[in-house]
2 protein chains.
Amino acid sequence: MQTLEAINSRKSIRRYLDTPVEKEKIQELLEAAIRAPSAMNKQCWRFVAITDKETIANLAKCQVVINGWIKDVPAVIVVCADPKDSSDHNGLPYYMWDAALAMHNLVLAATDMGLGTCYLAAYKEDKVKELLGIPDNIRVVCMTPLGYPTEKRSVGEKLMKAVAGSSKRKPLEEVAHWERW
Amino acid sequence: MQTLEAINSRKSIRRYLDTPVEKEKIQELLEAAIRAPSAMNKQCWRFVAITDKETIANLAKCQVVINGWIKDVPAVIVVCADPKDSSDHNGLPYYMWDAALAMHNLVLAATDMGLGTCYLAAYKEDKVKELLGIPDNIRVVCMTPLGYPTEKRSVGEKLMKAVAGSSKRKPLEEVAHWERW
């Protein structure tokens, strides 16, 4: 798939086939993730790739109720960051930035492979850390289900559409300036 | 260009031809940027696209000395964020995340078009805001030069290679876990 097609066709998928995701594909996606650039090449990103049904069911319990649908997905990638492995220039936490770039590589590569993803951040971080044995010094910054999408829309997806709004974007003129603000 | 090729071939470019970047291409890149997903679709990202030579020369003066080479680049995209237009789940500033996704779309789309980019965050934010008239409530979270790359390496690039290390990545086994940490 062409780069722009991946960028433009990526969307939040909240309904998946039962078909498992091949371990080699998950591996390829993680390899794409770590090609991202990072502050001083410190690579703060850390990942937990989960395919175990019981763990996924327990992970679903750590989410806000509206994201409970992830209980049935075939795989989840949990994205973590080690805050000390990045920069804090101008007081900004660039570990969020670096981890985001890695995850977006993964998400676009998944789109390219016909796999669905959905950025999720509304979970209880302490519960996720306890469940997965994530060390105290590591932040859980995001996660995504991973699987082959179906067309059928779940109740969760309909609700989320209502809550999070459509895929519409503000027009460029509203967010971009030329030469100065 | 295929998505994975863009992901794998993207690298930090610190030396550019004098050739101007077409305004339509910058526009296309910004359109790719705003296709990124964001917390509750709030789209906190804001951009300033600069091609004016004098502004770019002044912008170079806001950088740490080692990034002064941007004085000669044909264009710069300054990426900003409105922190109130995002989420702070688990106390994390997702405006950094959302803006990073948008910028990575732009960077990968630029790679696809044969344009070079380089993530830069080591600038004096207050000076950049003053120069570009960026409002108080907006954060300047990153910027990139934009232009047609040359092979020739600048002194800055050689220095940066020495400081920021190579494009080598930690092996996947070191940053990724299966099923649990």
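The sections below set out a description of the structure shown in this document.

Reading the values: the criteria
Residues numbered from 1 in each chain as written. Chains lettered and ligands numbered in written order. Predicted model: local features only at pLDDT ≥ 70, side-chain atom pairs only at ≥ 80, totals over all residues. Contact = placed C-beta atoms within 7 Å. Helix = DSSP H or I, 4+ residues; strand = E, 2+ residues; numbered from the N terminus. Buried ≥ 20, exposed ≤ 12 C-beta atoms within 10 Å, placed from the backbone. Pairing = 2+ DSSP bridges. Least-squares fit on C-alpha atoms with pLDDT ≥ 70 in both. Axes fitted to C-alpha atoms, helices over the stretch in contact; angles between N-to-C directions. Expected span 1.5 Å × (residues − 1). Parallel < 35°, antiparallel > 145°, perpendicular 65-115°, else oblique. Left-handed = near helix turned anticlockwise from the far one by under 90°. Nonpolar A, V, L, I, M, F, W, Y, C, P; charged D, E, K, R; others polar.

## Details of the interface of chain A and chain B
Move 1: Contacts between chain A and chain B engage 63 residues on the former and 63 residues on the latter.
Move 2: Listing elements by their share of the side of chain A that touches chain B, those giving two or more residues are α1 (3-9), α2 (23-33), β1 (45-50), α4 (94-112), α5 (125-132), β3 (139-146), α7 (172-175) and β4 (176-178) of chain A.
Move 3: Top contributing element to the side of chain A that touches chain B by residue count: α4(A), with 10 residues.

## Comments concerning the pairing of strand β2 (residues 75-81) of chain A
Residues and elements named next belong to chain A.
Move 1: Counting buried residues in β2 gives 7 out of 7 residues, a clear majority hidden from the surface.
Move 2: Covered by surrounding structure in β2 are Ala 75, Ile 77, Val 79 and Ala 81 together with Val 76, Val 78 and Cys 80, the residues of both alternating faces.
Move 3: Summarising the sheet, β1 and β2 pair through 6 bridges and their orientation is antiparallel. In the sheet register, Trp 45 faces β2, and the bridge partner there is Ala 81.
Move 4: Judged from the 7 bridges that link them, β2 and β3 form a sheet pairing that is antiparallel. Residue pairing in the sheet places Ile 77 in a bridge with Thr 144 of β3.

## Points about the relation of the copies chain A and chain B
Move 1: Structural alignment of chain A on chain B gives an RMSD of 0.0 Å, achieved by rotating through 180° and translating 0.0 Å along the axis. As the rotation angle and translation indicate, the two copies are arranged about a two-fold axis.
Move 2: A shared binding surface is used by both copies, with 100% of the interface residues of chain A retained as interface residues in chain B.

## Considerations on the sheet that holds β3(A)
Move 1: Taken together, 4 strands build an open sheet; the order of strands is β3(A)-β2(A)-β1(A)-β4(B) and the sheet is mixed. Looking at which strands have only one partner, the edges of the open sheet turn out to be β3 of chain A together with β4 (176-178) of chain B. Strand-to-strand twist in this sheet, taken as the mean axis angle between neighbours without regard to direction, amounts to 20°.
Move 2: Contacting β1, β2 and β3 of chain A together with β4 of chain B, α2(A) crosses the sheet at an angle of about 170° to β1(A).

## Quick look at the environment of B:Thr19
Residues and elements named next belong to chain B.
Move 1: Its place among the elements puts Thr 19 in the loop between α1 (3-9) and α2 (23-33).
Move 2: Once the C-alpha coordinates of Thr 19 and Ala 75 are considered, the two residues, 56 residues apart in sequence, prove to be 9.9 Å apart.
Move 3: Residues in contact with Thr 19, not counting those within four places in the same chain, are Pro 74 and Tyr 148.

## Comments concerning the sheet that holds strand β1 (residues 45-50) of chain B
Move 1: Overall, mixed pairing links the 4 strands, which are arranged β4(A)-β1(B)-β2(B)-β3(B) in an open sheet. The strands lining the two open edges of the sheet, one partner per strand, are β4 of chain A together with β3 (139-146) of chain B. On average, each strand axis in the sheet is inclined to that of its neighbour by 20°, with strand direction left out of account.
Move 2: Contacts between helix α4 (residues 94-112) of chain B and the sheet are confined to β1, β2 (75-81) and β3 of chain B, with β2(B) contributing the most and set at about 155° to the helix.

## What about α4(B)?
Residues and elements named next belong to chain B.
Move 1: Along its 19 residues, α4 runs 27 Å from first to last C-alpha, staying within 8% of the 27 Å computed at 1.5 Å per residue.
Move 2: With 19 of 19 residues buried, α4 is to be regarded as a mostly interior element.
Move 3: Gly 114 occupies a position one or two residues after α4 and carries a positive phi of about 80°.

## What to know about the packing of α2(A) against α4(A)
Residues and elements named next belong to chain A.
Move 1: Between α2 and α4, the shortest axis-to-axis distance is 7 Å and the interhelical angle comes to 135°. Classified by the interaxial angle, the pair formed by α2 and α4 is oblique. Our pair here, α2 against α4, has a crossing hand that is right-handed. Here Leu 29, Leu 30, Ala 32 and Ala 33 of α2 lie close against α4, whose contacting residues are Ala 102, Met 103, Asn 105, Leu 106, Ala 109 and Ala 110.
Move 2: Each residue belonging to the contact of α2 with α4 can be placed in one class, and the counts come to 9 nonpolar, 1 polar and no charged.

## A short note on unusual backbone geometry
Residue and element names in this part refer to chain A.
Move 1: Its identity is not glycine, yet Met 40 carries a phi of approximately 55°, on the positive side.
Move 2: Looking at the secondary structure, you find Met 40 in the loop between α2 and β1.
Move 3: Under the C-beta neighbour-count criterion, Met 40 is labelled partly exposed, with 16 such atoms within 10 Å.
Move 4: Residues other than glycine seldom take positive phi values, yet Glu 179 does so here, at roughly 70°.
Move 5: Tracing the chain through its elements places Glu 179 in the segment after β4.
Move 6: Here Glu 179 falls in the exposed class, since 12 other C-beta atoms lie within 10 Å of it.

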